[in-house]
Amino acid sequence: MVTVLPHQFSGVYTIKDDERTSLCTESIAPGISVYGEKLISYEEKEYRIWSTRRSKLSAAIRNGLSEMPIQPGSQILYLGAASGTTVSHCSDIVSKNGIVYAVEFSERTARELIHLAANRPNIIPIVEDARHPTRYASVVAGPIDVVYQDVAQPNQATILYENLKTFSSFGAWGMLAIKARSIDSASDLDEIYSKEIATLDNFGLQVVDNIDLSPLEKDHRFIVCRVTEELT
Ligand SMILES: C[S@@+](CC[C@H](N)C(=O)[O-])C[C@H]1O[C@@H](n2cnc3c(N)ncnc32)[C@H](O)[C@@H]1O
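Predicted model only: the values in this text are computed from it and were never measured.

1. A look at helix α3 (residues 107-118)
With twelve residues, α3 should cover 16 Å at 1.5 Å per step; its first-to-last C-alpha distance of 16 Å lies within 8% of that length. Listing the buried residues of α3 in full gives Ala110, Leu113, Leu116 and Ala117. Down the axis of α3, the buried side of the element spans an arc of 105°, and every buried residue falls inside it. Facing away from the buried side of α3, by more than 90 degrees, are the exposed residues Arg108, Arg111, His115 and Ala118. Looking at the buried positions of α3, the neighbouring elements they touch are α2 (85-94), β7 (99-103) and β8 (123-126).

What follows is the structure in structure tokens.
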């Protein structure tokens, strides 16, 4: 027997069957599986299982995330969208009153993202480089509530800051999946994370959550931070 219950985070659900409990979101595009995830019909709604192995945001929630700024109605700027696995769940969560601007610089990967957006009017795909926010400023009708960053580049904290500075203001949120080995292939992991967190701090971003994603993702941290002073 299957039961779907609201999670503590609005727009997120847990689904329980006889064997396990999984995270899921209510699909805004019923009948379509985006990356092979299971679709579950329950009380006249359709839910999509949210894989903790395929999405760092799902892994962070599973590992005890305490702040979830992505909510129904949120305006999200998502950097490093890839083919849209996590973007699709964000699109379910923000639902019809929210928007996910999804930035991906690989044209080949972005083709799948554009295909995904055809069935999800709240996703605006942007084929651009997240290091240059002014290049897509004309497309983003701000202000943005949350900048989500998963680009796996060496200067991740700086890219997050530049985008927050361009599109957000006091009280906005940043979410950052730090891939340690994209930043430094040899140094001690804690040293790498501390350096990125110090960079966020120097930019005036207050870190409110810091989650180790192991064993779901190796050498990754998930950070939630907040704009608590004017960004200059
Ligand atoms: C780890 S994957 C993202 C996975 C995705 N966030 C998800 O959970 O479904 C990183 C993506 O960032 C993209 N990327 C890397 N550097 C970028 C940049 N400077 N601007 C835009 N996209 C970038 C890569 O092409 C790749 O698709």
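2. As for the side chain of Ser55
Here Ser55 lies in the loop between β5 (45-49) and α1 (56-62). Beyond its immediate stretch of four places on either side in the chain, Ser55 contacts Trp50 and Thr86.

3. Points about the sheet that holds β5
Pairing in this open sheet of five strands is antiparallel, and the strands run β1-β2-β3-β5-β4 from one edge to the other. At either end of the open sheet lies a strand with only one pairing partner, and these are β1 (3-6) and β4 (39-42). Pairs of neighbouring strands in the sheet enclose a mean axial angle of 40°, with direction left out of account. Where strand β2 (residues 13-16) lies against strand β3 (residues 21-26), four bridges are found, and the strand directions are antiparallel. Looking across to β3, one finds that Thr14 is bridged to Leu23.

4. What about helix α6 (residues 189-202)?
Counted at 1.5 Å a residue, the expected span for α6 with its 14 residues is 20 Å, and the 20 Å between its end C-alpha atoms agrees. Residues of α6 that are buried make contact with α4 (156-167), β10 (173-179), α5 (180-183), β11 (205-212) and β12 (220-227). With a side-chain oxygen lying 3.3 Å from the backbone nitrogen of Asp190, the N-terminal cap of α6 falls on Asp188. Within two residues after α6, Gly204 carries a phi angle of roughly 90°, on the positive side.

Calculation notes
Residues numbered from 1 in each chain as written. Predicted model: local features only at pLDDT ≥ 70, side-chain atom pairs only at ≥ 80, totals over all residues. Heavy atoms only, no water. Helix = DSSP H or I, 4+ residues; strand = E, 2+ residues; numbered from the N terminus. Expected span 1.5 Å × (residues − 1). Buried < 20%, exposed > 50% of the residue type's maximum accessible area, 1.4 Å probe, protein only. Arc of directions from axis to C-beta. Contact = heavy atoms within 4.5 Å. Pairing = 2+ DSSP bridges. Axes fitted to C-alpha atoms, helices over the stretch in contact; angles between N-to-C directions. Polar contact = N/O pair within 3.5 Å; in protein donor to acceptor, adjacent residues only side chain to side chain.

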